[in-house]
Each structure stands twice: as structure tokens, then as C-alpha cells.
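Listed below are the residues making up each chain.
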Amino acid sequence: MENDKWKLLGHDTFANEDYPLEGEFDTERDAIMAAKLQLADLEITQPQLETDGQDGIQDQVYVIRPDGSRFRVQS
């Protein structure tokens, strides 16, 4: 069953596993802003110099649309 909320999903590139991220958002814009905050946190916990950044093993962040499709957000 679909709802009208936007959500976030994390992807652990090292383990190749998805994991849920907290929050539900009313608009795409709010979800993208929250995703960018998640990416900023990843820069602290998984710095580019150690992980080769978003092209390496740094985790990825996706926005899940209300219809269930998703797209990746990059900094």
C-alpha cells in the first residue's frame, strides 16, 4: 500500500545492503534536503580520503518516492 510520504534509504556499499533511514517527508524538496544532511554526516564518519568518497565504498543515500521508486542523491 502506497502512502503520500517521501522516505530515505541508505545503502552500505561495502556490505552491499540497504538500510532504512529515519524520517518521512511531505515533499521531494524536504526529502532531498534531509538526504544531503545524511551525506554530510557520512563525510564525517566515512571521509572521502579513506573511502574514495561516493565513487568508492562510502555509503549512498536514496530518496524513495511515494510510488516506491527511488533515486540517488549525491552531494
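Residues numbered from 1 in each chain as written. Predicted model: local features only at pLDDT ≥ 70, side-chain atom pairs only at ≥ 80, totals over all residues. Heavy atoms only, no water.

A. Spatial organisation of the side chain of Gln58. Note on placement: Gln58 falls in the loop between α2 (48-51) and β3 (60-64). According to the relative accessible area criterion, Gln58 is buried, its value standing at 1%. Polar contacts involving the side chain of Gln58 include one to the side chain of Glu43, which spans 2.9 Å. (Helix = DSSP H or I, 4+ residues; strand = E, 2+ residues; numbered from the N terminus. Buried < 20%, exposed > 50% of the residue type's maximum accessible area, 1.4 Å probe, protein only. Polar contact = N/O pair within 3.5 Å; in protein donor to acceptor, adjacent residues only side chain to side chain.)

B. The packing of aromatic side chains, seen in detail. Tallied over the full model, the rule gives zero aromatic pairs. A cation sits over an aromatic face here: Arg70 above Tyr62, 4.6 Å from the ring centre. (Phe/Tyr/Trp six-rings, centres within 6.5 Å; stacked < 30°, edge-to-face > 60°. Lys NZ or Arg CZ within 6 Å of the ring centre and 35° of its normal.)

C. Representation of the pattern of salt bridges in the model. With the rule as written, the count across this model stands at three salt bridges. For the salt bridge of Lys5 with Asp26, the shortest nitrogen-to-oxygen distance reads 2.3 Å. Of the two residues, Lys5 sits in the segment before β1 (6-12) while Asp26 sits in the loop between β2 (17-25) and α1 (28-45), which places them 21 residues apart along the sequence. On the basis of relative accessibility, which here comes to 26%, the residue Lys5 falls in the partly exposed class. Residue classification places Asp26 among the exposed residues on the basis of a relative accessible area of 54%. Among the salt bridges present, the one from Arg70 reaches Asp18, with a minimum N-O distance of 3.3 Å. You can see Arg70 sitting in strand β4 (residues 70-73) and its partner Asp18 sitting in strand β2, a full 52 residues away along the chain. Classification of Asp18 as partly exposed rests on a relative accessible area of 42%. (Salt bridge = Lys/Arg side-chain N within 4 Å of Asp/Glu carboxyl O.)

D. Looking closely at the environment of Gln74. On the secondary structure map, Gln74 appears in the segment after β4. Residue classification places Gln74 among the partly exposed positions, given a relative accessible area of 41%. C-alpha separation for the pair Gln74 and Gln60, spaced 14 residues apart in sequence, amounts to 7.9 Å.

E. Expanded view of the environment of Val73. Inspection of the secondary structure assignment puts Val73 in strand β4. Separated by 11 residues in sequence, Val73 and Tyr62 place their C-alpha atoms 5.6 Å apart.

F. Up close: the sheet that holds β2. Across the sheet, four strands lie side by side as β2-β1-β3-β4; this open sheet has antiparallel pairing. The open sheet is flanked by β2 and β4, the only strands paired with a single partner. Between one strand axis and the next, the sheet turns by 30° as a mean value, whatever way the strands run. Here seven bridges tie β1 to β2, and the two strands are oriented antiparallel to one another. Its bridge partner being in β2, Trp6 is matched across the sheet by Phe25. Together, β1, β2, β3 and β4 form the strand contacts of α1, whose direction differs from that of β3 by roughly 165°. (Pairing = 2+ DSSP bridges. Axes fitted to C-alpha atoms, helices over the stretch in contact; angles between N-to-C directions. Contact = heavy atoms within 4.5 Å.)

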